[in-house]
Amino acid sequence: MLTKIGGDRVIWAVVALLALFSFLPVYSASSNLAYLYGDGDTFGYLRKHFAHLILGFIIVYVVHKIPYNYFKGLSIIMLPVVVMLLLVTMAQGTIIGGANASRWIRVPLVGVTFQTSTLAAVVLMAYVARYLSKIKDKVVVFKETILPLWTPVFVILMLILPANFSTTAIIFSMVIMLVFLGGYPIKYIVFVIGTGVVALTMFMLTAKAFPGLFPNRVDTWVSRVENYFSNEKESEANYQIERAKIAIARGGIIGQGPGKSVQKNFLPQSSSDFIYAIIIEEWGLIGAIFLMSMYMLLLFRLVMVAHKSSDVFGKLLVIGVGLPIVFQALINMAVAVELFPVTGQTLPLISSGGTSIWMTCLAIGIVLSVSKEIKENNDENININKDDILEDKNVSFDHFSTDIL
């Protein structure tokens, strides 16, 4: 079985370790979910998480078998698809778990909910990588890039923004980072950032002027920022972050032990947004450092794969779809220790939730597709060199035999 797995083995190992480790905090936090929803079936949440991971690894395996150059065309095909999905989500999105934003759609017949913005992020990053590789070594004229590059970016961002500001901000940041690495002129990047800020300001002013258009969203963003800088630590708005800090304080160096978290019973998002705090409470500083080191190792391997890729598209594709995974993980950890305001971002491959796991696995599969082709090219070059050496030896032997005769 292992012989059929291609790509970077270290990335495979990191993903597998994170997935295996996730069962412990997810099962521990599921007791709170079982109590809240009154079913009492803690193993049901564990089975659901297991099913999500199994499907996720199937996605990784299938996607990593696809030659990465195919993602150039697939990104173009999928771009209008994700725009349509985002429009459907805005029109009839489903509110999950009490969240006051319609970010999910329910798949007919199957009954599974799907967060469309996560798929849109992967597709958009692949599309931007394709476009940047296409204009590499060409003189960039800003007005020529407005329609093919920035129009799809801003259309997707504006469709995600009303329901999910944090995801919008992350995607925009990653796009800016990618175009910078792709050699896009800095003066144009500054202009795009300014345009984004103006567009966000106009959206917030419109939402304030017409509250019925986007109920509660702008107020939620503002309150989160205000609560972050507020000194009223016991206010209801700061309930989650205060409980997370208590969990971290209880963890100490070695933690309370697996399943012995107390704050999981008080944190509403203990299995998703604030799972890192539960991990620290149960596994202590040792568990926290281990988890962070896994993401840092993943980042290191992403950079190595991008560096070894033979073409610009491969390099940008790895950075574009891979780096957001690490970036999202760092944001989730930063929120748990109150370095950032509450964002609602999950911990990749650790938090419960199907869409997050599946889209992370999709991105990992794309990265492994690039690394697989790198390895195959290296093996092919080694075989060619061996054939050249053998041919040189045969030629030398023939000359030696002729001389003797």
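For every chain, the first residue of the written sequence is number 1, and numbering continues from 1 onward in sequence order. Local features in a predicted model are, by the rule used here, given only for residues with pLDDT of at least 70; side-chain atom pairs are given and counted only at 80 or more, and totals for whole chains, interfaces and linings are based on all residues. The side-chain numbers reported here are obtained from all heavy atoms of the structure, hydrogens and water having been left aside.

**Observations concerning the packing of aromatic side chains**
Reasoning step 1: Pairing of aromatic side chains here covers Phe, Tyr and the six-membered ring of Trp, requires ring centres within 6.5 Å, and sorts the geometry by plane angle: under 30 degrees stacked, over 60 edge-to-face, intermediate tilted. Taken as a whole and judged by the stated rule, the model has 11 aromatic pairs.
Reasoning step 2: Here Tyr68 and Phe313 contribute two aromatic rings whose centre-to-centre distance is 6.2 Å and whose plane-to-plane angle is 20°, an arrangement assigned as stacked. You can see Tyr68 sitting in the loop between helix H2 (42–64) and helix H3 (70–92) and its partner Phe313 sitting in helix H11 (residues 312–336), a full 245 residues away along the chain.
Reasoning step 3: Partly exposed describes any residue whose relative accessible area lies between the buried limit of under 20% and the exposed limit of over 50%, with all areas from a 1.4 Å probe on protein chains only and scaled to the type maximum. Take Tyr68: its relative accessible area is 4%, and that puts it in the buried class.
Reasoning step 4: The exposure class of Phe313 is buried, given its relative accessible area of 1%.
Reasoning step 5: Between Phe142 and Phe191 the ring centres are 5.3 Å apart and the planes differ by 85°, which places this aromatic pair in the edge-to-face class. Secondary structure elements follow DSSP: runs of H or I no shorter than four residues count as helices, runs of E no shorter than two count as strands, and numbering proceeds from the N terminus.

**Points about the environment of Glu373**
Reasoning step 1: By the element assignment, Glu373 lies in helix H12 (residues 354–404).
Reasoning step 2: With sequence-adjacent residues up to four places away left out, Glu373 is seen in contact with Pro67, Tyr68 and Asn69. Contacts: residue pairs with any heavy atoms within 4.5 Å of one another.

**Some points on empty space enclosed by the protein**
Reasoning step 1: Both site types are read off a 1 Å grid over the protein atoms alone. A 1.4 Å probe that fits but cannot get out defines a cavity, while an open set with protein on both sides within 12 Å along at least five of seven lines defines a pocket; lining residues have an atom within 4 Å of a point. Grid points are joined across faces, edges and corners, and a volume is the space filled by probe spheres set on the points. Within the structure shown, the criterion is met by 2 cavities of 30 Å³ or more.
Reasoning step 2: One number sums up the size of the second largest cavity: a volume of about 30 Å³.
Reasoning step 3: Lining the second largest cavity, in full, are Asp273, Phe274, Asn332, Val335, Thr343, Gly344 and Gln345.

**Some thoughts on helix H5 (residues 142–160)**
Reasoning step 1: Bend at a residue means the angle formed by two fitted axes: the first through the 7 residues ending at that position, the second through the 7 residues beginning there. Largest kink in H5: about 45°, centred on Trp150, with the proline Pro152 one to four residues after it.
Reasoning step 2: The secondary structure elements touched by the buried residues of H5 are H3, helix H4 (116–134), helix H6 (165–181) and helix H7 (186–209).

**Digging into the nonpolar core**
Reasoning step 1: By size, the foremost hydrophobic cluster in this structure holds 103 residues, and its most contacted members are Trp150, Leu291 and Leu347.
Reasoning step 2: Per element, the largest residue contribution to this core is 14 residues, and it comes from helix H10 (residues 275–308).
Reasoning step 3: Excluding anything up to four places from it in sequence, Trp150 contacts Phe142, Thr145, Val175, Ile176, Val179, Tyr184 and Val192. The criterion is simple. A nonpolar core is a set of buried Ala, Val, Leu, Ile, Met, Phe, Trp, Tyr and Cys residues joined through side-chain atoms within 4.5 Å.

**Notes on the packing of H5 against H6**
Reasoning step 1: Convention adopted: a line fitted to C-alpha atoms gives each axis, helices being fitted over their contacting stretch, and angles between N-to-C directions are expressed from 0 to 180 degrees. At their nearest, the axes of H5 and H6 sit 9 Å apart, and the two run at 165° to each other. Our classification of the angle between H5 and H6 gives roughly antiparallel. Crossing hand, H5 versus H6: right-handed. For the pair H5 and H6, the contacting residues are Trp150, Val153, Phe154, Leu157 and Ile160 in the first and Thr167, Thr168, Ile171, Phe172, Val175, Ile176 and Val179 in the second. When describing relative orientation, an angle under 35 degrees is termed roughly parallel and one over 145 degrees roughly antiparallel, while 65 to 115 degrees is termed roughly perpendicular and anything else oblique. Each crossing gets its handedness from the near helix: less than a right angle anticlockwise from the far helix is left-handed, clockwise is right-handed.

**Quick look at unusual backbone geometry**
Reasoning step 1: In the Ramachandran plot, Glu338 falls in the positive-phi region, its phi being about 65° despite a non-glycine side chain.
Reasoning step 2: Examined against the element boundaries, Glu338 turns out to sit in the loop between H11 and H12.
Reasoning step 3: Backbone geometry at Leu349 places phi at a positive 70°, although glycine is not the residue there.
Reasoning step 4: As for its placement among the helices and strands, Leu349 is situated in the loop between H11 and H12.
Reasoning step 5: Looking at Leu349, the relative accessible area reads 2%, which means it is buried.

**Comments concerning a nonpolar patch on the surface**
Reasoning step 1: Patch building starts from residues that exceed 30% relative accessible area and form no salt bridge, then joins like charges within 9 Å and nonpolar side chains (Val, Leu, Ile, Met, Phe, Trp, Tyr) within 5 Å. Note on areas: Shrake-Rupley, 1.4 Å probe, and residue coverage restricted to the protein chains presented here. Take a side-chain nitrogen of Lys or Arg and a carboxyl oxygen of Asp or Glu: if they are within 4 Å of each other, that pair is a salt bridge. A cluster of nonpolar side chains, namely Phe50, Ile54, Leu55, Ile58 and Val62, defines an oily patch on the protein surface of about 430 Å² accessible area.
Reasoning step 2: For Leu55, a relative accessible area of 38% translates into the label partly exposed.

**Describing the environment of Pro148**
Reasoning step 1: Looking at where Pro148 falls in the secondary structure, it is placed in helix H5.
Reasoning step 2: On a C-alpha basis, the gap between Pro148 and Val128 in space is 9.4 Å, while along the polypeptide they are 20 residues apart.
Reasoning step 3: Residue contacts for Pro148: discarding those within four places in its chain leaves Tyr127 and Tyr131.

**As for the side chain of Ser351**
Reasoning step 1: Within the fold, Ser351 resides in the loop between H11 and H12.
Reasoning step 2: Here the side chain of Ser351 touches Ser272 through a polar contact of 2.8 Å, landing on its backbone oxygen.
Reasoning step 3: A polar contact is formed between the side chain of Ser351 and the backbone nitrogen of Leu347, at a distance of 2.9 Å.
Reasoning step 4: Those residues in contact with Ser351 that lie beyond four places of it in its chain are His49, Ser271, Ser272, Ile275, Thr346 and Ile357. Polar contacts, as used here, are pairs of N or O atoms within 3.5 Å; protein pairs need one atom able to donate a hydrogen and one able to accept it. Residues neighboring in sequence count only if both atoms are side-chain atoms.

**Some words on the confidence of the model for the protein chain**
Reasoning step 1: On average, residues of the protein chain score 84 in pLDDT, and 80% of them are at 70 or above.
Reasoning step 2: pLDDT is defined as a per-residue confidence score from the predictor, taking values between 0 and 100. pLDDT under 50 marks residues 96–101. Its contacts with residues more than four places away, or in other chains, come to 12 contacts.

**Describing the packing of H6 against H7**
Reasoning step 1: Put simply, H6 and H7 touch, their axes get as near as 10 Å, and they point 170° apart. In terms of orientation, H6 and H7 fall into the roughly antiparallel class. Contacts between H6 and H7 pair Phe165, Phe172, Ile176, Val179 and Phe180 from the former with Ile186, Ile189, Val192, Ile193, Gly196 and Leu200 from the latter.

**A short note on the pattern of salt bridges**
Reasoning step 1: Scanning all chains against the criterion turns up 4 salt bridges.
Reasoning step 2: Between Arg301 and Asp8 there is a salt bridge, with the nearest N and O atoms lying 2.6 Å from each other. Pair noted here: Arg301 is in helix H10 and Asp8 is in the segment before helix H1 (9–37), with a separation of 293 residues, a long-range link.
Reasoning step 3: Asp8 gets classed as buried once you look at its relative accessible area, which sits at 9%.
Reasoning step 4: Taking the shortest distance from any N to any O, the salt bridge between Lys245 and Glu242 comes out at 3.5 Å. Here Lys245 and its partner Glu242 are both found in helix H9 (residues 239–251), 3 residues apart, which amounts to about one turn of the helix.
Reasoning step 5: Given a relative accessible area of 30%, Lys245 falls into the partly exposed group.
Reasoning step 6: You can call Glu242 buried: its relative accessible area is 15%.

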